[in-house]
Amino acid sequence: MFISRTTEGMARLIRRGLPPTSSPKNVVIVGAGMAGLVAGSLLKEAGHQVILLEASDRVGGRVHTLRSPFTDGLYFEAGAMRIPAVHVLIFEYIKKFGLQVNEFFNSTPNDMLYINGIHTRQRHYEQHPDIFRFPMTPQERGKTAKELLQQAIRPFWNQYHQLPPPQRQALMREMDKYSFERYLRMNPFGVSLSPAAVDLIKIIWDVEGLAEHSFLKILEILSYFLDPQGRFYELTGGFDRLPRAFFPRLRENIRFGHKVEGIVQKPGRVHIQTRNPKSGESAAFEGDVAILTLPFTVLQHIDVQPRESFSFQKWKAIRELHYAPAVRTGIQFKSRFWEREGLRGGKMITDLPVRFAYYPSHGIGSSGPGVVLASYTWEDDSMPWSSLSEAERVPSALHGLSRIHGPKVYQEFVTGTSFAWTRNPLSSGAFSLLKPFQNTEIGPHIATPEGRVHFAGEHTSSKPAWVEGAIESGVRVAMEVHQRRG
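Residues numbered from 1 in each chain as written. Predicted model: local features only at pLDDT ≥ 70, side-chain atom pairs only at ≥ 80, totals over all residues. Heavy atoms only, no water.

**Here's the deal with the layout of surface pockets**
Roughly 840 Å³ of internal volume is contained in the second largest pocket. As for the second largest pocket, its lining consists of 35 residues, of which Asn 106, Ser 107, Trp 205, Phe 225 and Lys 347 are closest to the centre. Only helix H4 (122-127), helix H5 (145-162), helix H9 (215-226), strand S18 (347-350), strand S19 (356-358) and strand S20 (370-378) provide two or more residues apiece to the lining of the second largest pocket. The residue makeup of the lining of the second largest pocket, split by class, is 18 nonpolar, seven polar and 10 charged. Composition of the lining of the second largest pocket by domain shows at least three residues from each of domain 2 (65-86 + 93-107 + 324-423) and domain 3 (135-226). (1 Å grid on protein atoms, 1.4 Å probe; cavity = no way out; pocket = protein on both sides within 12 Å on 5 of 7 lines; lining within 4 Å. Points joined across faces, edges and corners; volume = space filled by probe spheres on them. Helix = DSSP H or I, 4+ residues; strand = E, 2+ residues; numbered from the N terminus. Nonpolar A, V, L, I, M, F, W, Y, C, P; charged D, E, K, R; others polar. Domains from an automatic or database assignment.)

Below, the structure is given as structure tokens:
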């Protein structure tokens, strides 16, 4: 039985399902995030016996929409918040469940910029690129951060697309040793950028905290935002509508309050030991196969027996795969005062601690309150926020917004909340992000099965850090288990 693993093949499988199985398996899936929900629903519909073990009291994992303490039906996306239009698989599920989307305005000409104490708008910055007074070289002056970045990466892209596939692979292995900053400063294909130009790029493109990570992986992320034709969408009414749409199909299969503490591979079976985080009650489950969708940061705390049932390379990947921290703070205001300032969606960019803010793309033009993503930080930029309590983060973010919008933010303030992914014991990070050399050294081993244990999650996909990657991994692992013999 052949099932295509191309994107189109996976999309077709989402629409039609797996072929009915003639040898049903008992499958234990650890984690009811997007990868677990996708794999569980596909395998159940094909005739397999499925149990999903979820440590929390909700489905969705890092799709996490916070509706409290907000009023008037408002919400704040602590996790996934936007969908690139080119992500095919997530739109298959959106269509399948009859969900609605609206455009997510990632940027607009009216975006606010506040850098080096200078306050301006995106359209003005593009006309006057030297306004922030970065001490760049004469050859770099007069160019925006986007133009400098495109100038730096264009020679690499040109060479990549001119090479046949085998030589492309060799080029990617060679480029795996470069961090994003090292590439910009020591460009092997073209003109290197000055430290000031690199600093400007890092601030404008929000990669100041990511610059020491893999050039290839940062470029993958930035490519969505560099594409002039690129469009983004959000789920109307909140991103949690997507995982919740799976719940009726899997209601009888999900066991909430089961945090996995041990995995034992036995001849022909996998034994899973759990404990309820609140009551301390322990339980055990057995299956023919297990699927682990947990981040590797969490998997490190699980006792695997026998240890040699996981390969040396798998253990290396589990120990070394990096997860980016991220902190988001959402604030509700009495009115959408930012729209009166010309901000209808889009963002604020600053070198202040809040770094990035996003104005809501839904409800534009409506009267009444609204919620602003008042601070979005990741990696090193998130550390000053991770050290604060949730109660401290809201006033700190409010102070940051006041530097841009003035004292009205205090008059308009209603309530707020914050979420730090590194302080969440069920994720220990926001998303996987490879460092130099890791694409080559651990990349090929992240998704490979170990005995009767299979792996899914955004970290095991070709699109890490996106919901699309989690869905892709769920489809892929469902095919693996469905086609598995023994």
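There is more to say, and it comes next.
**Let's talk about the sheet that holds strand S23 (residues 453-455)**
One open sheet holds the five strands; their spatial order is S10-S2-S1-S14-S23, and the pairing between them is parallel. Edge positions in the sheet fall to strand S10 (254-256) and S23, since each has one partner strand and no second. This sheet shows a mean twist of 20 degrees between the axes of neighbouring strands, independent of strand direction. In this structure, strand S1 (residues 26-30) lies alongside strand S2 (residues 49-54), joined through five bridges in parallel fashion. Counted as the bridge partner of Val 30 is Leu 53 from S2. Helix-sheet contacts for helix H2 (residues 34-45) involve S1, S2, S10 and strand S14 (289-292), and the interaxial angle to S2 is about 165 degrees. (Pairing = 2+ DSSP bridges. Axes fitted to C-alpha atoms, helices over the stretch in contact; angles between N-to-C directions. Contact = heavy atoms within 4.5 Å.)

**Brief notes about the packing of aromatic side chains**
By convention here, two paired aromatic rings are described through the distance between centres and the angle between planes. On inspection of all chains with the given rule, the structure shows 29 aromatic pairs. Note on Tyr 93 and Phe 246: the rings are 5.0 Å apart at their centroids and 50 degrees apart in plane angle, and the pair reads as tilted. Here the residue Tyr 93 occupies a position in helix H3 (residues 88-96), and Phe 246 occupies one in helix H10 (residues 241-250), the gap between them amounting to 153 residues. Relative accessible area serves as the criterion here: at 2%, Tyr 93 is assigned to the buried category. Both rings, one in Phe 156 and one in Phe 215, keep their centres 5.5 Å apart while their planes meet at 75 degrees; by these two values the pair is edge-to-face. Residue Phe 156 is found in helix H5, and its partner Phe 215 is found in helix H9; the two are separated by 59 residues along the sequence. Judged by relative accessible area, which is 0%, Phe 215 ranks as buried. Three or more aromatic residues joined by ring pairs make a cluster, and in this case those are Phe 156, Trp 157, Tyr 160, Tyr 178, Tyr 183, Phe 189 and Phe 215. The ring of Trp 315 is capped by Arg 307, whose NZ or CZ atom sits 4.3 Å from the centre of that ring. (Phe/Tyr/Trp six-rings, centres within 6.5 Å; stacked < 30°, edge-to-face > 60°. Buried < 20%, exposed > 50% of the residue type's maximum accessible area, 1.4 Å probe, protein only. Lys NZ or Arg CZ within 6 Å of the ring centre and 35° of its normal.)

**Comments concerning the UniProt feature "binding site: FAD" (unreviewed entry) in the protein**
Following the UniProt record, the feature "binding site: FAD" (unreviewed entry) maps to Glu 54, Ala 55, Gly 79, Ala 80, Met 81, Arg 82, Val 260 and Glu 458 here. These annotated residues cover 405 residues of sequence, and their C-alpha atoms reach 30.3 Å apart at the extremes, leaving them scattered rather than at a single site. Taking the annotated residues in turn, Met 81 line the largest cavity. In this fold, Met 81 is placed in the loop between strand S4 (76-77) and strand S5 (83-84). Excluding residues that lie within four positions of it along the chain, Met 81 makes contacts with Phe 104, Tyr 233, Glu 234, Phe 239, Arg 328, Tyr 358, Leu 373 and Tyr 376. Among the structural elements, Arg 82 can be located in the loop between S4 and S5. Assessed through its relative accessible area of 12%, Arg 82 is described here as buried. Apart from residues no more than four positions distant in its own chain, Arg 82 is found in contact with Phe 104, Asn 106, Phe 225, Phe 232, Tyr 233, Phe 239, Tyr 358, Tyr 376 and Trp 466. Separated by 2.4 Å, the side chains of Arg 82 and Asn 106 make a polar contact. (UniProt positions renumbered as here; feature names shortened; annotations may be inferred. Polar contact = N/O pair within 3.5 Å; in protein donor to acceptor, adjacent residues only side chain to side chain.)

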